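Analysis of the macromolecular model
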Amino acid sequence: MSRLEAKKPPLFISEPLTKDTVSQSLSLLSAILKSCYGPAGRLKQLHNGVGGYVCTTSQSSAILSRLSVSHPILSVLMASVQNHICRFSDCGLFTAILCCSLIENFKSLNVASCTVVKISKHLLSLCMDYLKSEACGCRVSVDFSSLETLLCLVHSVLTSKPACMLNKAEVDHLTMLILKAFMFTVPCHVETNAVLGKCIIVPVKGRRVVDSTVLPGLLIETPEIQLAKPLAVKRTCSNMIKIALFCVSMSGDLFNPEEGTITVHHGISLEMSEVNQLLNVGKQLVNDEVGLVVCQKVIHPSLKQYLKENHVIAVDRAGLSLMEPLSRMTGSKPIASIHSLSPSCYGSLKDVCLESFASKHFVHLIPNDTVVCSLILCNRNETAWDELKRTCETAEHVLQLTVKEPLALLGGGCTETHLASYIRHKSCSLSTSSFKDLDCSWTQYQLVADGFCRSLESVACSLDHDDGEILTDMVYGHCWLVPPGFPSVSNWSDLVSKCGCGINGNTENLNWRLLQGQFGSPIIQGCPKDPSVKVADFLTLDCFAAKCSGLQVALETANLILDLSYVIEDQN
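Residues numbered from 1 in each chain as written. Predicted model: local features only at pLDDT ≥ 70, side-chain atom pairs only at ≥ 80, totals over all residues. Heavy atoms only, no water.

So, on to the overall build of the protein chain. Tallying secondary structure elements over the protein chain gives 15 helices and 20 strands in all. Overall, the protein chain is about 95 × 80 × 45 Å in size when its C-alpha atoms are taken along their principal axes. Taken across its 572 residues, the protein chain has 50% of its residues classed as buried. When contacts within the protein chain are restricted to residue pairs at least 6 apart in sequence, those whose partners lie at least 24 apart make up 75%. Surface summary for the protein chain: the accessible area is close to 27,100 Å², and the carbon and sulfur share equals 53%. (Helix = DSSP H or I, 4+ residues; strand = E, 2+ residues; numbered from the N terminus. Buried < 20%, exposed > 50% of the residue type's maximum accessible area, 1.4 Å probe, protein only. Contact = heavy atoms within 4.5 Å. Areas by Shrake-Rupley, 256 points an atom, 1.4 Å probe, with all protein chains shown as cover.)

Given below as structure tokens:
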């Protein structure tokens, strides 16, 4: 018998947040994420220890998915933020930085963790009630009869990702393209349960960003179709193109032996039997006036040739990812067997044509009603293209979330500093009964509220990466960035022209203060409700749903980690 090793007892670690290794790891993670934040964020190159693909990015989705952590506390934090990113795509860095700052500020307080949790939950409810109220001064309504606010949202997402390496002309071009693509996915006919369509991103690497374009319908890459030859496609009597969509292989492959035993009579060829069956399918398609056949997998050359001779276009290797948008766009039902073909499975198209981009050739399927579109996305190299693809997907998701909740929050650090000013103002005017309900003293509440506000302000401070100064004004509570190289005793009015979000200009005495100060002043008045914005002067805006969720996730995760008394590790 082999020698058996005795099982080791589990390792109990009490008060894990008091351990130096945990504090150092949290500080390091916070520093990495803060250095990535905002339009001037520093890029990170991520690769494994044995080489391979190198990812250059400043996006939280790419960074957190490639960072490996060993301590359970960091795992909880990263899993929580990643779950937020999966649901909202945006505000991942905001969530992670705020969570780290809350943990750091709360654990330094001489207040019991259970009391901190209760007070911080109350502060969160104050924030959420304020953000959802009409009186909120850091919120703007999105008017879908005008494109200006939507353009600002997309523009803000694009400019916050420096690894895309976009200049102003490219940002403006992509902003219009992404919004146009999104508009294609909005149904023309509103139903009770309207569902947005889909934008398919088509990669073209090694070309200029301004060569990017958007087309209604779907592009399927088909290298074997020659552009020189015009498409001769069969149409129905109503001048529509009937389409059959197959999700089963049409290559004529034999049965898989694992599926059972096949008895073959002498002189019968299984290969020819399969090909004959495929040709019978082809004859039925021709008789049913089908003009286009799209197969997820491979089509046998004999069937391709037969369909071509009968003016039926055959496109194979479409891939699984196109099946759902193809089905929705054409109204066809994917056919899963070549032995049972029902005419009710067919869909229809308005037109089919050929397109060429760079060295790639595509069949362009043009639908009757556009709910699916193709964004041909170009960038100079693979690394920049990968980052740009993630960014465009985030921008599209932000627009989708905005349709559900037509609001946006001011960006550039202004929402964070405005909320901090609001909470400081509210915490000074709480009634005595509120402290009794929370079972805390006035001093404890003020300490936690100050830690909460300093955490919000630390996120705004993370936007500066060049040792400049960060200010907030005493009127609107907005964030103002001062370039580096000026002494702290300077006349701030000479150094700033507009706040971080761009809604307020330096047109009045706003009484600035440095954000490094420990205590702030309340807001004297709110922000203008309906600022006049020109498209050329983009406001910096954040997705309302994503930022509200990020605020909740950050605080709830911080409270969870602060409340941990033991970490139990299995050593076997």
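Read on, since the account is not over.
The next point concerns the sheet that holds strand β7 (residues 218-221). Spatially, three strands are ordered β7-β13-β12 in an open sheet, and the strand pairing comes out antiparallel. Pairing within the sheet leaves two strands with one partner each, and these edge strands are β7 and β12 (351-357). Direction aside, the axes of adjacent strands within the sheet are offset by 30 degrees on average. Two elements, β12 and strand β13 (residues 360-366), share seven bridges in a ladder whose sense is antiparallel. Each residue of the ladder has a partner; that of F357, found in β13, is K360. Sheet strands in contact with helix α10 (residues 323-330) are β7 and β13, and its direction is about 135 degrees off that of β7. (Pairing = 2+ DSSP bridges. Axes fitted to C-alpha atoms, helices over the stretch in contact; angles between N-to-C directions.)

Moving on to the pattern of salt bridges. Applying the stated criterion to the full structure yields 18 salt bridges. Close ionic contact of K304 with D316 constitutes a salt bridge, the shortest N to O distance being 3.2 Å. With K304 in helix α9 (residues 301-309) and D316 in the loop between β10 (313-315) and α10, this pair connects stretches of sequence that are twelve residues apart. Owing to a relative accessible area of 23%, K304 belongs among the partly exposed residues under this scheme. Look at the salt bridges and you will find they share partners, linking R424, D450, R454, E457 and R513 into a network. (Salt bridge = Lys/Arg side-chain N within 4 Å of Asp/Glu carboxyl O.)

Here helix α11 (residues 382-404) contains 23 residues, and its C-alpha end-to-end distance of 34 Å stays within 8% of the 33 Å for a straight helix at 1.5 Å per residue. Where α11 begins, the capping side chain belongs to N381, and its oxygen is found 3.2 Å from the backbone nitrogen of T383. (Expected span 1.5 Å × (residues − 1). Polar contact = N/O pair within 3.5 Å; in protein donor to acceptor, adjacent residues only side chain to side chain.)

Turning to a nonpolar patch on the surface, a few remarks are in order. Where nonpolar side chains cluster on the molecular surface, the patch consists of F12, Y566 and I568 and spans about 370 Å² of accessible area. Its location among the elements puts F12 in strand β1 (residues 11-14). According to the relative accessible area criterion, F12 is exposed, its value standing at 52%. (Patch = residues over 30% accessible without salt bridge, like charges linked within 9 Å, V, L, I, M, F, W, Y side chains within 5 Å.)

Once that is clear, we can look at the sheet that holds strand β18 (residues 512-514). Spatially, three strands are ordered β17-β16-β18 in an open sheet, and the strand pairing comes out antiparallel. A strand with exactly one partner marks an edge of an open sheet, and here the two such strands are β17 (479-482) and β18. The sheet shows a mean angle of 35 degrees between the axes of neighbouring strands, taken without regard to direction. Bridge count for strand β16 (residues 469-473) against β18 is three bridges, and the pairing is antiparallel. Bridge assignment links T472 to a residue of β18, and that residue is R513.

As a further point, take the environment of W385. If you trace the backbone, W385 turns up in helix α11. Taking relative accessible area as the criterion, W385 reaches 5% and is therefore assigned buried. Spatially, the C-alpha atoms of W385 and L77 are 29 Å apart, while their sequence positions differ by 308 residues. In this structure W385 touches I201, P203, V204, K205, L377, C378 and N379, once residues within four positions along its chain are discounted.

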